[in-house]
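Coordinate inspection notes
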Amino acid sequence: MKNKLLSAISITMAVSMLTMTPSLTVSAQDYQDKSAVLDTGFTLDTDYTLKLANPSKDTSTTAENYYITGSSDPDYPLTCNGEEVEDRGIYGSFGIYAPLEMGDNTFTFQNGDDTQTVTITRTKAATSGGISTITDLKRLNPSSDDVANSGEEYRIRCTAPANGKVTATLGGKTYTLEQEAIATTGVEAYYSKTITLPEVEDGEVENLGQIKFKLTFEGKTTSATSDGSLYVLGKGAHLLAKVNQNAAVLYEEASSGANHVSLVSRGAVDSIVDAEGDYFKLSMGSWINKSYVDILKGDTEWKNKVSQTSYQSGDNGEYLILEGTASPVFKAYNTSEKITIKFYNTSGVKAQKLDSELFSSMKVTTSSGDTTIELNKKDGADTVGYDISFDGKGKTTIFFNPKAEEGSSAKPLSDMTIVVDPGHGGLDGGAQGVLYGNGPVEKDINMAHALVLKNRLESLGAEVILAVQPDQDNSQKVEMTDRVEMARENEADFYISLHCNSIDASANGLKPSGTEIYYYENNSKLLADDMLEKITEYNDRDARSVIYGNFYVTRNPLCPSMLVEMGFISNPVEYDELCSPDSMYQTANAIADALIDYVG
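The rules behind these values
- Residues numbered from 1 in each chain as written.
- Predicted model: local features only at pLDDT ≥ 70, side-chain atom pairs only at ≥ 80, totals over all residues.
- Heavy atoms only, no water.
- Helix = DSSP H or I, 4+ residues; strand = E, 2+ residues; numbered from the N terminus.
- Contact = heavy atoms within 4.5 Å.
- Areas by Shrake-Rupley, 256 points an atom, 1.4 Å probe, with all protein chains shown as cover.
- Core = buried A, V, L, I, M, F, W, Y, C linked by side-chain atoms within 4.5 Å.
- Buried < 20%, exposed > 50% of the residue type's maximum accessible area, 1.4 Å probe, protein only.
- Phe/Tyr/Trp six-rings, centres within 6.5 Å; stacked < 30°, edge-to-face > 60°.
- Lys NZ or Arg CZ within 6 Å of the ring centre and 35° of its normal.
- 1 Å grid on protein atoms, 1.4 Å probe; cavity = no way out; pocket = protein on both sides within 12 Å on 5 of 7 lines; lining within 4 Å.
- Points joined across faces, edges and corners; volume = space filled by probe spheres on them.
- Nonpolar A, V, L, I, M, F, W, Y, C, P; charged D, E, K, R; others polar.
- Pairing = 2+ DSSP bridges.
- Disulfide = S-S within 2.5 Å.
- Polar contact = N/O pair within 3.5 Å; in protein donor to acceptor, adjacent residues only side chain to side chain.
- pLDDT = per-residue confidence, 0-100.
- Patch = residues over 30% accessible without salt bridge, like charges linked within 9 Å, V, L, I, M, F, W, Y side chains within 5 Å.
- Salt bridge = Lys/Arg side-chain N within 4 Å of Asp/Glu carboxyl O.
- Lys, Arg positive; Asp, Glu negative; His and termini not counted.
- Charge placed at Lys NZ, Arg CZ, Asp CG, Glu CD.

**Observations regarding the overall build of the chain**
From N to C terminus, the chain includes seven helices and 38 strands. Taken over the C-alpha atoms alone, the chain extends approximately 85 × 80 × 35 Å along its principal axes. Look at the contacts in the chain between residues 6 or more apart in sequence, and 69% of them connect residues 24 or more apart. Accessible surface, the chain as shown: approximately 27200 Å² in total, 44% of it carbon and sulfur.

**Topic: the nonpolar core**
Counting 59 residues, the largest nonpolar core has Leu457 and Met531 as the members making the most contacts within it. At eleven residues, the largest contribution of residues to this core is made by helix α7 (residues 581–599). Once residues within four sequence positions are removed from consideration, methionine 531 is found in contact with Ile496, Ile517, Met562, Val564, Ile591 and Ala594. Within the second largest apolar cluster, 43 residues are counted, among which are Ile272, Val306, Ala332 and Ile388.

**Regarding the packing of aromatic side chains**
Throughout the structure, instances matching the rule amount to twelve aromatic pairs. The interplanar angle of 75° and the centroid separation of 5.6 Å between the aromatic rings of phenylalanine 494 and tyrosine 598 together place this pair among those described as edge-to-face. Separated by 104 residues along the polypeptide, phenylalanine 494 in strand β35 (residues 494–501) and tyrosine 598 in helix α7 bring together distant segments of the chain. Judged by relative accessible area, which is 13%, tyrosine 598 ranks as buried. Put simply, the rings of Tyr311, Phe359 and Phe400 pair up and form one aromatic cluster. The ring of tyrosine 190 carries the charged tip of arginine 157 above its face, separated from the ring centre by 3.8 Å.

**Regarding empty space enclosed by the protein**
Gaps left between atoms show up when a probe the size of a water molecule is rolled over them. In total, this model carries three cavities of 30 Å³ or more according to the counting rule given. Forming the walls of the largest cavity are Asn246, Ala247, Leu263, Val264, Ser265, Phe330, Tyr386, Asp387, Ile388, Asn556 and Pro557. Mapped onto the lining of the largest cavity, the elements with two or more residues apiece are β18 (260–264) and β31 (383–390). Ranked by the residues each element gives to the lining of the largest cavity, the list is headed by β31, at three residues. Each residue belonging to the lining of the largest cavity can be placed in one class, and the counts come to seven nonpolar, three polar and one charged.

**Overview of the sheet that holds strand β5 (residues 83–84)**
Spatially, β2-β8-β7-β4-β5 is the arrangement adopted by the five strands of the open sheet, whose pairing is mixed. Only two strands of the sheet have a single neighbouring strand rather than two, namely β2 (59–61) and β5.

**As for the state of the cysteines**
Evaluation of the coordinates by the stated rule reveals zero disulfides. Left unpaired, cysteine 500 is separated from the closest cysteine sulfur, that of cysteine 579, by 8.0 Å. The class for cysteine 579 is buried, based on a relative accessible area of 8%.

**Things to note about the side chain of serine 580**
With respect to the secondary-structure elements, serine 580 resides in the loop between α6 (572–578) and α7. Only 2.5 Å separates the side chain of serine 580 from the backbone oxygen of glutamate 577, close enough to count as a polar contact. Among all residues touching serine 580, those that are not within four sequence positions of it are Ile90 and Tyr91.

**Concerning the confidence of the model for the chain**
For the chain, the average pLDDT comes to 92, and 94% of its residues sit at 70 or higher. Contacts from residues 1–24, a stretch scored under 50 in pLDDT, to residues over four places away or in other chains number 31 contacts.

**Focus: a negative patch on the surface**
A surface patch of negative charge is lined by Glu152, Glu153, Glu252, Glu253, Asp274 and Glu276. With respect to the helices, strands and loops of the structure, glutamate 276 is situated in strand β19 (residues 269–276). Look at glutamate 276 and you get partly exposed, because its relative accessible area is 46%.

**Notes on the pairing of β18**
Successive residues of a regular strand alternate their side chains across the two faces of the sheet. Of all five residues making up β18, four are buried, and the element is well covered by its neighbours. Looking at chain direction, strand β17 (residues 248–251) and β18 are connected through four bridges and run antiparallel. Each bridged residue has a counterpart across the sheet, and for leucine 250 the counterpart in β18 is serine 262.

And the structure:
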């Protein structure tokens, strides 16, 4: 299995050898190949001369302070109104958090022979007037397909300019919506109407379609249509939902703050039994965000009758394959002792006598039309992750991903597949940084680090897959789903997403600094802890924390996956550090050494 699995005998021998001789693995820091690792052909170019970035010209504000940033020549002192600017990076990026008096505040920056002046006018906050207004329809519900029961009440809702006239047409009937609260003309206000839905025959489903809204305001009429359609269920009827993205969260209650029950894969199908706010309740008992599913129109088989069960070994791991009639929703749990998967609306799964290097036994229990599979792990065998996929024709494949194991002393990461994701990219530039586009933005810094990390990992034997390419079309957005899908398709051992942190432009960007790492699955926490320690040690950077984070790139049960916020590019000192080759080199070494520790 691509040298990732060891038999019990091999494990015993390996442990004995480790107790007799010290580890021969050389850490990435010890390699004398800095120039080769930094040779990526990708550069972060900036003309570091005196130039104001924020604000770039005279401006006004009601704030008491203003965070002024820009670039300067690091070979010369920088002053503001005759006083030295202390917060400067190694390349001359700077920032000052300046207090403002009422009226004009003039700031003159001197850097060598260059001078830049900007005036920031502080005005009183408006007590009336200057109120934000709108002229069209917004926040149309339902924003995604919705489901309600026959004869029950349903609220049609949208926002529009206050003191306008709004109507909504649904199922051939037009209703006049009422403004919910008194507001100044033109201000965005909510309009709504609670209606009684039509009676639908038992066992039937009626699609009332999208809601068409019409606004009349200041003599002008505009129209808009809701993104979602409304389905009405008769008594005993069911409507099916198909999960439209991988690693969708199942919740205990109809709230984003509720406990997470499990992650479910793209293509899983279940019946909708209730709806509340932005969530559907599935027949298996958990709630899912409405945007995570598509309503299936027409007849679709959702009761999974398995006719054949098989267990196989492959190059990268092991597979349990169920040949059935549907793609069932499930709950899955991975502990140190076993992996448990409960498939709902599923029958016919047969326990297998396993020829496995990972599991000692397989137990199958069927109750009330649902099937629970328990795979007990062998002593010494470590399954780091799993992935459940559907082909849409009734075949369910469960891939069990063994923990990657250390290679040779020279190539400790050999036979490993690692996805490196340079955050943002393409159309999405990410955070602007202190130079506001006059220098590298977040996507550029992420890419520069990712390419150096790729070189470092490859030098240690790993196969590295970039989730975004350096020549990515800047007019195209790189979807989150496509990034994570690369890990699934390649049965990756690790997924590392590189980002830069930032705070709001109006805040004091000089204060926050340091690295933090986000994880979701428990199998990522240990690696994230070590990675944070090494990144901050190698770069002499503040260690913030390792944080549980519900991000698309971290919700990956296949392999240890984390989002690394390398540092704050809203801080001029850290911005310049992150633009430096030394940061790229040391960060790559730190991540590599953390991986070596993890598999060693």
